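In case you want the letters, here they are:
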Amino acid sequence: MTALNNNKNSRVTDSNKVSFIFDGKKYFGFDGDTIASALLRNNIKIIGRSFKYHRPRGIYTCGIEEPNALVQILSEKDEPNTRATVKKIYSGIKILSQNRWPSLKNDFGYINNLLSPIFSAGFYYKTFMGPKGFWKNIYEPLIRRSAGLGKPPKEFRSKSIHHHHNVDIVIVGAGLNGLLAASKFIDTDYDVLILEQDNILGGSLNSSQKIKTIDNLDTHVWTKKTEDLLKKSKNIKILKNTLATSYNQINHIIALEDNSVGKPLASHKPELILHKIRTKHTILSNGHIERLISFRNNDLPGIMLAGSFEKYIFRYGVIPEAEPIIFTNNSSTFSLLKSLVDLGCKPKAYIDVRDESSIEKKTKTILKTNKIPFYFSSEIEGCDGNKKLETISIRNKEKQIEKISGTMLCISGGINPDVHLFTQSKGLIKWDEKYLTFKPETAFQNTITIGSANGSFNFKRIIEEINEKLSLFNINELKIDLEIDCPEDLNIMELWETNNEKKSFWSKSFIDIQNDVTTKDLHQAVSEGFDRIEHLKRFTTNSMGTDQGKISSINSLGIVSKILKKNISEVGTTIYRPPYAPLSFSAIAGRSTYEFYDPTRKTSIHSWHVKNRAIFEDVGQWKRPWYFKKNDKETMYEAVQRESKELRNAAGILDGSTLGKIEIKGKDALEFVNLIYTNAFTKMKPMTARYALMLGEDGMIKDDGIVCKINDQHFIVTTTTGGAAKVLSDMEEYAQTEWPHLNVYLNSITEQFSTFNISGPKSRAIMRKVFSDVDFSNDKFPFMSFKKVNYLDTEVRILRASFTGELGYEVYVTPKYGLELWEKFFRYGENLGLIPYGTETMHLLRAEKGYIVVGQDTDGTVTPLDLNLNWMIGKNKKDFIGKRSLSRSDTSRKGRKQLVGILAVDKSKIIEEGQHVVKSSSIPSKIKFPVKYLGHITSSYHSPTLNHYIAMAMVEGGNDLIGKKLYVTQNKSSENISVEIVKPVFLDPENKRLLS
Amino acid sequence: MLVINCPYCGERDQSEFSNGGEAHVARPKNPETLDDKKWSEYVFIRLNPKGIFNERWVHTHGCRKWFNAIRNTSTDEILKVYKLNEEPPSIGEFDTTLKTPSGEPDLGSGNFTVKK
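Note that the coordinates shown come from a computational prediction; the quantities given were computed from them, not determined experimentally. (Residues numbered from 1 in each chain as written. Chains lettered and ligands numbered in written order. Predicted model: local features only at pLDDT ≥ 70, side-chain atom pairs only at ≥ 80, totals over all residues.)

The next thing to look at is helix α8 (residues 306–315) of chain A. All names here are of chain A. The buried fraction of α8 is high, at ten of ten residues. The set of residues buried in α8 consists of Ala306, Gly307, Ser308, Phe309, Glu310, Lys311, Tyr312, Ile313, Phe314 and Arg315. Looking one or two residues past α8, Gly317 carries a phi angle of roughly 70 degrees, positive in sign. (Buried ≥ 20, exposed ≤ 12 C-beta atoms within 10 Å, placed from the backbone. Helix = DSSP H or I, 4+ residues; strand = E, 2+ residues; numbered from the N terminus.)

Set out below in structure tokens:
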């Protein structure tokens, strides 16, 4: 049989034809159709292959709960796993079916179905245990190819934005209950936001005829009228195409708006809008979801949930089949039966598990007058057919199997309130024995559940419930007449699974259709000990995937409770976690992508660096020149060797603007600095500087820098580039929490100064040229002192300090003149051999001198004593952060790792950073004989000045090993390098260059 | 995301704040007089209770001020915020507040979304 159009009373009419392409073929649908409704209109029943067994699958539902009908949208950057039951078509949309090869009709992976007896629950866990290496190289690629959903898109959908809302009331779902609740707030003082996932309001009013009239108006007319009233009311905002996906703490709701429903993606507009809503009260009227019944081959294309079938008729105007068979265990299918008969269609059979007496009189009357074959106290044993439904086996009230042919089967296993959002909000749910489902019981937040979302399936009580539950808002009572054309209350009989007649290895009755989980898998999982529902879920993959078992998770609880002979409430549910439905990463990312993800910080000299072929390194958010290429061919190694050599021969200049700078002022600044840093500052003369260490309370080195003392009430300290923000935060924390009695003010001045480090034997000569009126002689400008110098209309601070071991100066200038001064250095310095150098050269040069880099040579487990920096500790100070920890039993014990220098005995050998220092000359081939780790290489460079590799290492008891021989491992060889342990100073130990 | 009432700025989203762990762990006045055990208790040991907890917060992306809060770690409800120089409120004040979300047992971390 073929599909018919319902033009009489549906929300989609045949006025605007739309063409679309599915698997390369052109079809026509109508404006407003989803992919699913358009395909049904074209009599396409198979639209994908299943996850594991590659069984042909059709359209099972008519909404967000769809387990099967997932497609890839080629015209939208290959967006995969799109629900065909939600996605609206538009002219030119290109759709591809998923998980099949070479075609939907003939899929090679169907072999998995034949092999299915071995693919039972836990198959992957049990089977692919070895041999070693097989998983990565053979099993995983194979499984990845055959199992799964759509292919990942080639391009990232990036256009989404975030909106923030602060409101009094959010109403989730604008169906009958949502609209009634919302209408109470018209022209009140409450700020109301209505979220509706569909592009029209009305919910189930659009998808069935259960409610005939409201206040004597046709439901369509009433919905329109109510929408107009809501729109006119200034305190109410309606968001359509918006799905509430998360309900977080403190009434924080995340909702995703699809901004391109029924039209192609616009290049200039955001495709998705993520709404972040903070509300005082939430009204959940998000309705219910119908569930399935498990029987043999209950996944064949042609089987659909009854409520969904009815929704296709009224919401989308397509009757997928004029003579479907209906199978139910409850009274809700009356409405489908009635609708079909009213439209002149005649169901082929009506099968109800309930006995004749409990089936509603209305139902029986319709069946009788229309002479529809009626099976009460009966169930469907199973279905058969080649890639589609062909025959249905009914076990009638005499327990005999009767076979009838049919191409469409509508099933209803009952209805569940959609408690997903409610449980996300940490509300408690309770099993309801009458309706056989979990209902909201105790709300944790200011949450009100109404209508079927509350498990209120009695139509008579709708108005009463709303008035009662919203009474706390002190608003007008609703007085509305509903004319109902269906059984007033829900009557249901328990049925989760029907018995299989043939107990074959290949017969399957599915519980989770998307993940190909059968009821047999549940039995197996329980028998293997996975009887806790959370374990069972992971072991069988039941209720996972894009649909999260929306139509089947309660059924699996029912089946498991039967196996365990427990009540369902004892079995419990798995935890419902956000999001309610899959949310694309681009929606979460919003505008925070690519260059907007994290700000990039550039120094005032950046443009010069770019012009001079700098290669940049990211340090925190900063761009720092890593090295400067002399020409395009020069490698990094060559550049660093050249820069190092030229600096030691003449002079180099480094852009150090990124170093953190903090100004400390106040009456008690001296005491504060004394407490923060290890060094003693009291006797330090004004206008001098000191290399200083900062520890944590555990005694471990946290940061280092230079402390400049202007006077006892005014200090300027530098921090590492990456540590700047943390150091300021830590200082603020201590100032506020531990020493509030100290009068200190802290201020970050990192970006207020551009900083240059000029160093090398020619640096004094260059400084003299640039600052001609300053005396740079050793007497007048000794090491670790600083001066303030006038420059143009500003003041420049010059500090004599060095991180390279050469004579050196640091210049601090306002960024306004940064570039100008930098260029001036080159105008005066170029003929003296001044070169720019980057961070890599800086690291090499400091290693030659044995200066540490916090975070490279230290790792948060290193005390100053481990680095032999005892001289930096103000032992006479009563207290500083971490002082007490330096004498803890662990920090003062013998055999701690200490900083040493490492030189290869054969000077031509390359020592790699991160390699282990060991005692043996080679690594044994078998892991049975482990080699004791003594320490590891923290820094290693080829020194162009010494012409061999130099390395630093943290080695156990290192101080006692000076002069001894040990070994260092290699990356690509089991032979170790013979090395000598030396003091970690490789160049100029007398500091002649530094103090020259 | 929580809403935190900064005592200096008012209600702001949690993303503006950083948590500083247990409150009222004062740095010892004379660390050198403490033995290793006492000192390590200050450096390393912090409470992490299920239930009422006095903890520190800092309005990092705001006024940068530290303050204290009383939070029920089980319900994530912030019951009170107070400035550093203010006395902590007595715990008895919160006896009547909700112990756990929706009233499940206050011990353990099992799945209690279903009411028995």
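That was the structure; now back to the text.
Residue and element names in this part refer to chain A. Residues Ile171, Ala182 and Leu409 are the most contacted members of the largest nonpolar core, which totals 137 residues. Here this core gets six residues from one element, more than from any other, and that element is strand β16 (residues 272–284). In this structure, Phe756, Leu821, Tyr837 and Ala953 belong to the second largest nonpolar core, which totals 93 residues. (Core = buried A, V, L, I, M, F, W, Y, C linked by C-beta atoms within 7 Å.)

All names here are of chain B. Counting buried positions over the seven residues of strand β5 (residues 66–72) gives seven, a clear majority of the element. In β5, alternate side chains face the same way, and those of Trp66, Asn68, Ile70 and Asn72 on one face and Phe67, Ala69 and Arg71 on the other are all buried. Of the pairings in the sheet, the one linking strand β4 (residues 52–58) to β5 comprises seven bridges and is antiparallel in character. Paired with Asn54 across the strands is Ile70, a residue of β5. In this structure, β5 lies alongside strand β6 (residues 77–82), joined through five bridges in antiparallel fashion. Following the sheet pairing, Arg71 is matched in β6 by Ile78. Linkage of β5 to β6, two consecutive antiparallel strands, is achieved through a turn of four residues, within which Asp76 is found at a positive phi near 65 degrees. (Pairing = 2+ DSSP bridges.)

Another point: the domain arrangement of chain A. The domains assigned to chain A are domain 1 (4–112), domain 2 (159–288 + 416–490), domain 3 (292–413), domain 4 (606–657 + 753–846), domain 5 (660–751) and domain 6 (894–996). Taking the mean C-alpha position of each, domain 2 of chain A and domain 6 of chain A sit 69 Å from one another. (Domains from an automatic or database assignment.)

Residues and elements named next belong to chain A. Following both chains from N to C, one finds helix α22 (residues 763–770) and helix α23 (residues 818–829) inclined at 115 degrees, their axes separated by 9 Å at the closest point. Classified by the angle between their axes, α22 and α23 sit roughly perpendicular to one another. Where α22 crosses over α23, the two elements pack in a sense that is right-handed. Contact with α22, carried on its side by Ile766, Lys769 and Val770, involves Lys824, Phe825, Tyr828 and Gly829 of α23 and no other residues of that element. For the contact of α22 with α23, the per-class residue count stands at four nonpolar, one polar and two charged. (Axes fitted to C-alpha atoms, helices over the stretch in contact; angles between N-to-C directions. Parallel < 35°, antiparallel > 145°, perpendicular 65-115°, else oblique. Left-handed = near helix turned anticlockwise from the far one by under 90°. Contact = placed C-beta atoms within 7 Å. Nonpolar A, V, L, I, M, F, W, Y, C, P; charged D, E, K, R; others polar.)

Looking at the element boundaries, A:Glu820 is found in helix α23. When the C-alpha atoms of A:Glu820 and A:Ser604 are compared, they prove to be 9.6 Å apart, with 216 residues separating the residues in sequence.

The next thing to look at is the interface of chain A and chain B. Taken together, the contact between chain A and chain B spans 31 residues of the former and 24 residues of the latter. Mapped by element, the contributors of at least two residues to the side of chain A that touches chain B are β28 (428–432), β29 (437–442) and α21 (724–738) of chain A. A total of five residues in the side of chain A that touches chain B trace back to one element, the largest contributor, which is α21(A). Per-class residue counts for the side of chain A that touches chain B are five nonpolar, 13 polar and 13 charged.

The subject of this paragraph is the pairing of strand β14 (residues 242–248) of chain A. Residues and elements named next belong to chain A. Burial analysis of β14 places five of its seven residues in the buried class, which makes it a mostly covered element. When β14 meets strand β15 (residues 252–258), the two strands line up antiparallel, connected through six bridges. The residue of β15 that forms the bridge with Leu243 is Leu256. Between the antiparallel neighbours β14 and β15 lie three residues, among them Ile250 with a positive phi of about 50 degrees.

Residue and element names in this part refer to chain A. Backbone torsion omega between Pro578 and Pro579 reads 0 degrees, so that peptide bond is classified as cis. The phi dihedral of Ser543 falls on the positive side, at around 60 degrees, and the residue is not glycine. Along the chain, Ser543 turns up in the loop between α14 (533–540) and α15 (553–564). By the C-beta count within 10 Å, which is 26 here, Ser543 ends up buried.

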